[in-house]
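Summary of structural features
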Amino acid sequence: MATKASRSAARLMMAPAVILLLGWMLVPLTMTLWFSFRTYLPLRGGDQGWTGFDNYVRFVTSSSFWPAVTTTLVIVAGVLAITIVFGVLLAILLDQPMWGQGIVRILVIAPFFVMPTVSALVWKNIFMDPTNGLFAHLWRFFGADPVSWLSDAATPSIILIVSWQWLPFATLILLTAIQSLDSEQLEAAEMDGASPLARFFHITLPHLSRAITIVLLIQTIFLLAIFAEIFVTTGGAFGTRTLSYLIFQRVLESQNIGLGSAGGVYAIILANIVAIFLMRIVGKNLDT
Amino acid sequence: MSLNSTLRAATALGLIAAGSAYADSHATTITIATVNNGDMIRMQGYTDRFTEETGIGVEWVTLEENVLRQRVTTDITTKGGQFDIMTIGMYETPIWGANGWLVALDDLSDDYDVDDILPAMANGLSSDGTLYAAPFYGESSMIMYRTDLMEKAGLEMPEGSPTWGFIRDAAAKMTDRDNDINGICLRGKAGWGEGGALITAMANSFGARWFDEDWNAQFDTAAWNETLTFFTEMMNESGPAGYATNGFNENLSLFQQGKCGMWIDATVAASFVTNPNDSTVADSVGFALAPHKDGIDKNGNWLWAWALAIPAGTQKEDAAKQFIEWATSKDYIELVAENEGWANVPPGARTSLYENPEYQKVPFAQMTLDSILTADPNNPTVDPVPYTGVQFAAIPEFAGVATEVSQEFSAAYAGQQSVDEALAKAQDITNEAMEAAGYR
């Protein structure tokens, strides 16, 4: 039984770990907040004092802000739609008993382990290059003019690249969920004369809803921050500048730490709004 | 003494010797950040000779242009001290020099002959008359064209600088889509040092400028509209597909494969397109001064130098200076000439090179010098400007602003927005950035 003394001793011993953890989380956040209220231009003599909310106003009223928010949401929504639809289909397919099941599953999951920079480079140079890319050869084989993907259809191309990476994740989660589906239920429905489509919509999909919300939540949090794919392929040109890319440009290319930090705070707010929104849906789903 | 203790003593001695040898070889190792251009890569091949002569070791960090800029800029603003020598250009040097971030190169040895550096280069790499970086090579831009295609089209390149009208006309005549020949290849890739440099130099020759004397953006002017409209129309008529993503390297490879009639780009490219090992059109390349618009006597060519500078605060200033003197000396130029021929020496940095009768035989030598001499960083365009620099404005904000502006331009080249939309956005972006930096 813990005495008063032993409890405070325990607290004292835990203190370093707690302080370290708190510091690890709070210091960067506080610094971002601190810088966001200052005029900080490293190339013009550094920190030049307080500016109040100027950086915040400037960031939001800049002509690049709303297009960047829209691009971010379009990319996130596009990737989510593709990964969930194809994730469900792939999960059902992979659930079927087949020859070489283990190897097929590993192959399907493999793209998730490719680093974002690498996969973006591979897509850019091997597939989407308008003169030497695989797609260009394919297009020419069928007599069409090759498309310069990364300039003419930049946002869809990035959605494609990111979806390719995240599809395995969705598939993996959904496959695990589908394996817990009671096969007797499906057989019973089949015997009662339900069509495959009806069985899918009335039994499989409702069963998967919880897994789908998990995929939705986790992916959204990661997708809001995608950066490497854009940096490598278009460098933010052709309307692919997301909020995180805009912040990068403000801090590193324009060398305006204050303005970039204000953007960082907005990004935190946006991520939280999206997260709260999603949590509500998840919460509702997990209750039933 | 027993065998055992002898062995022990020997081992100890050996360790001490090895340790001090290790310390020796590392006490004087300098770290150099550089760009992955051909001439720099060649220099890396010769650094062993420098190490043999001086005993100073050299470690290289070789990066792509945009990444190099970010790395060295971050390093210098945070006083990171990762590098003893940085490869920087005419844009960074005057700004950083004025901030006291670079070691002044005012005590170079007599052998080095600092007065031999071309005045255009020395001026661009100085701040208040003090040299802060030594040019490794200097460049302007010029027209490189296929003499065989020009002849086939029944045209002749005029003496001096041709007009843009002539270029557009010639490009249309040389274009042969069935044989995959584009009349003209130009940079459209986003980035201030890529497409941004070309369009800014071109705009100068149309009488446009970035800022008026009160730092107001000038993209709402007729001159800019004319520049961008002319450029997109000409490139859509006669340019390669997807030119909106082509930069220096993409165009170089198109030209070397014989897919371009004309190419207006850096003068250093001349040695690559006339090198028979790399270029299929090596024996039919002609050179001309960059074009101008009818009635305006500014040519659309730029001025640039890749130079070596020492960040202030480095522990190895003397070793770094020795290296800079070695790499940008006349002796180094001769070393390269001896091993790889005069066409491959780093061009554009020294007056003596252009006085050398051997070098004068190189087909592009004179045109390179002429192009360099026609560029004027103090008066880049018709109207007065508050900045120095031909294809850039030497202010810290420029790199960020111009990258975003050139992204809007690239989107217009790709047909995603109109010229008017691109210019309106460029105007907003520039004015906002100038306000954020406190100019307006």
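Residues numbered from 1 in each chain as written. Chains lettered and ligands numbered in written order. Predicted model: local features only at pLDDT ≥ 70, side-chain atom pairs only at ≥ 80, totals over all residues. Heavy atoms only, no water.

A few words on a nonpolar patch on the surface. Residues and elements named next belong to chain A. A cluster of nonpolar residues, M14, V18, L22, M25, L26, L29, L33 and I268, forms a patch on the protein surface that exposes about 700 Å² of accessible area. Among the elements that take part in the nonpolar patch, helix α1 (residues 4-36) stands out by supplying seven residues, more than any other. Examined against the element boundaries, I268 turns out to sit in helix α13 (residues 257-287). (Patch = residues over 30% accessible without salt bridge, like charges linked within 9 Å, V, L, I, M, F, W, Y side chains within 5 Å. Areas by Shrake-Rupley, 256 points an atom, 1.4 Å probe, with all protein chains shown as cover. Salt bridge = Lys/Arg side-chain N within 4 Å of Asp/Glu carboxyl O. Helix = DSSP H or I, 4+ residues; strand = E, 2+ residues; numbered from the N terminus.)

With that out of the way, let us pick up the packing of aromatic side chains. Under the criterion given, the structure shown has 65 aromatic pairs over all chains. Centre to centre, the rings of W210(B) and F219(B) are 5.0 Å apart; their planes meet at 80°, and the pair counts as edge-to-face. Taken as a pair, W210(B) and F219(B) share a single burial class, namely buried. It is R38(A) that lies over the ring of W50(A); its NZ or CZ is 5.0 Å from the centre. (Phe/Tyr/Trp six-rings, centres within 6.5 Å; stacked < 30°, edge-to-face > 60°. Buried < 20%, exposed > 50% of the residue type's maximum accessible area, 1.4 Å probe, protein only. Lys NZ or Arg CZ within 6 Å of the ring centre and 35° of its normal.)

What follows concerns the interface of chain B and chain A. Note: interface size is frequently given as the accessible area lost on complex formation between the parts. Taken together, the contact between chain B and chain A spans 30 residues of the former and 27 residues of the latter. Buried area between chain B and chain A, summed over both chains or domains, comes out near 2,300 Å², and the portion from carbon and sulfur atoms is 49%. Of all residues in chain B, Q70(B), E404(B) and Q407(B) bury the most surface against chain A, accounting for 23% of the area lost on that side. Summed over the shared surface of chain B and chain A, the result is four salt bridges. E404(B) is the partner of R250(A) in a salt bridge, and the nearest nitrogen-oxygen pair spans 2.5 Å. The tally of links from chain B across to chain A stands at 10 residue pairs in polar contact (both at pLDDT 80 or more). For the side of chain B that touches chain A, the elements supplying multiple residues, two or more each, are α3 (65-77), α17 (398-413) and α18 (419-436) of chain B. The element contributing the most residues to the side of chain B that touches chain A is α17(B), with eight residues. (Contact = heavy atoms within 4.5 Å. Buried area = accessible area lost by both parts, 1.4 Å probe. Polar contact = N/O pair within 3.5 Å; in protein donor to acceptor, adjacent residues only side chain to side chain.)

One broad trend across soluble globular proteins is that nonpolar side chains are buried collectively. In this structure, W96(B), W210(B), M262(B), F323(B) and F409(B) are the most contacted members of the largest nonpolar core, which totals 156 residues. Of the residues forming this core, the biggest block, nine residues, is contributed by α17(B). Structurally, this core is a two-domain feature, drawing no fewer than three residues from each of domain 1 (3-139 + 304-359) and domain 2 (141-302 + 377-436) of chain B. Here W96(B) is in contact with L43(A), V72(B), T73(B), I76(B), M86(B), I88(B), W101(B) and L102(B), once residues within four sequence places are set aside. Of all hydrophobic cores here, the second largest spans 29 residues; its members include V79(A), F169(A), L217(A) and L259(A). (Core = buried A, V, L, I, M, F, W, Y, C linked by side-chain atoms within 4.5 Å. Domains from an automatic or database assignment.)

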